[in-house]
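Fold and geometry: a report
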Amino acid sequence: MAAIARLDARICASLVAPAWRLRAAWTGYTRALQLQRVEIDEIDVFAGQCGLHLPGRGRIATTGDPFGALPAWQARLAEPAGSHWREDLPFSFELPRGWAEAPALVRALDLADIWCRNDASSSPWLARPILLARLKLTHTPLPCLAGGDEAQRFALDARPALLKRLLKGLRKSAEDGLERLDALERFRLRAATAVASEHRPGKLTELTRLALARPSLAARTITGELGVTPSGAGKLLARAEGLGLLVA
């Protein structure tokens, strides 16, 4: 809970929170797909959402659209946290004895267990950040906390080892999320310093803002976004690379 609380507090006050939430959603969605046995890596989701095909990366082996549920999930993450946690559950259950006295995080993981046993889709993995927010463990959903453990779908009794793995996984997700937030904030400050030192920054300011939301950029993808020609886009990317803001 300490790791989650640190990330939650920083996100509430960070100027790069929108960019972080976008990337964290891609990270959490990747983890949910992997738990569904989809052979995919985070880089595939990031590149796909940036409209890029990375050399050397094959097509994702799946019978459906692996990104089909992503827009709806992102919309749910952005919903106001006004409803009670019971309203989000697609099943009914009786509270076990002593459940109300258990730590809030343990109760949340217990609900996730029941959800997993009632739903074989990716929904339970994606629901975890929303469930944590509904139980008042975070101010808003933190998408990087999506996921879980495959064993949640099969174990029906007390399982200290599984609970320990889940807690460790949550701590690592929160710590990784905090590291990425630090990196984004450092980039924002570095970009502001570099642009301020330029005599004629041109579209550099707009490019750095775009880079916060899109970690992978290509000349053809920014022509429409910034209103420049393909040649101008290439020069702009080269200029940002020369300032140490982007890496080719």
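Residues numbered from 1 in each chain as written. Predicted model: local features only at pLDDT ≥ 70, side-chain atom pairs only at ≥ 80, totals over all residues. Heavy atoms only, no water.

1. A look at the overall build of the protein
Within the protein, the secondary structure is distributed over 11 helices and zero strands. Seen in sequence order, the protein has helices and strands lined up from the N terminus as α-α-α-α-α-α-α-α-α-α-α. Here the protein holds 248 residues, and 43% of them are scored as buried. A separation threshold of at least 6 residues defines the contact pool for the protein, and within that pool the share at least 24 residues apart is 64%. In the form shown here, the protein has an accessible surface area of approximately 13,300 Å², with 55% of it arising from carbon and sulfur atoms. (Helix = DSSP H or I, 4+ residues; strand = E, 2+ residues; numbered from the N terminus. Buried < 20%, exposed > 50% of the residue type's maximum accessible area, 1.4 Å probe, protein only. Contact = heavy atoms within 4.5 Å. Areas by Shrake-Rupley, 256 points an atom, 1.4 Å probe, with all protein chains shown as cover.)

2. Overview of the nonpolar core
Core analysis: the biggest nonpolar cluster contains 48 residues, and L7, W20, L145 and L207 have the highest contact counts within it. Per-element accounting of this core gives the leading share, 11 residues, to helix α8 (residues 160-197). (Core = buried A, V, L, I, M, F, W, Y, C linked by side-chain atoms within 4.5 Å.)

3. What to know about the pattern of salt bridges
Under the definition given, this model contains eight salt bridges. Between R10 and D182 there is a salt bridge; the shortest N-O distance is 2.6 Å. In this pair, R10 is assigned in helix α1 (residues 2-13) and D182 in helix α8, connecting sequence segments 172 residues apart. By relative accessible area, R10 is classed as partly exposed at 29%. By relative accessible area, D182 is classed as partly exposed at 25%. (Salt bridge = Lys/Arg side-chain N within 4 Å of Asp/Glu carboxyl O.)

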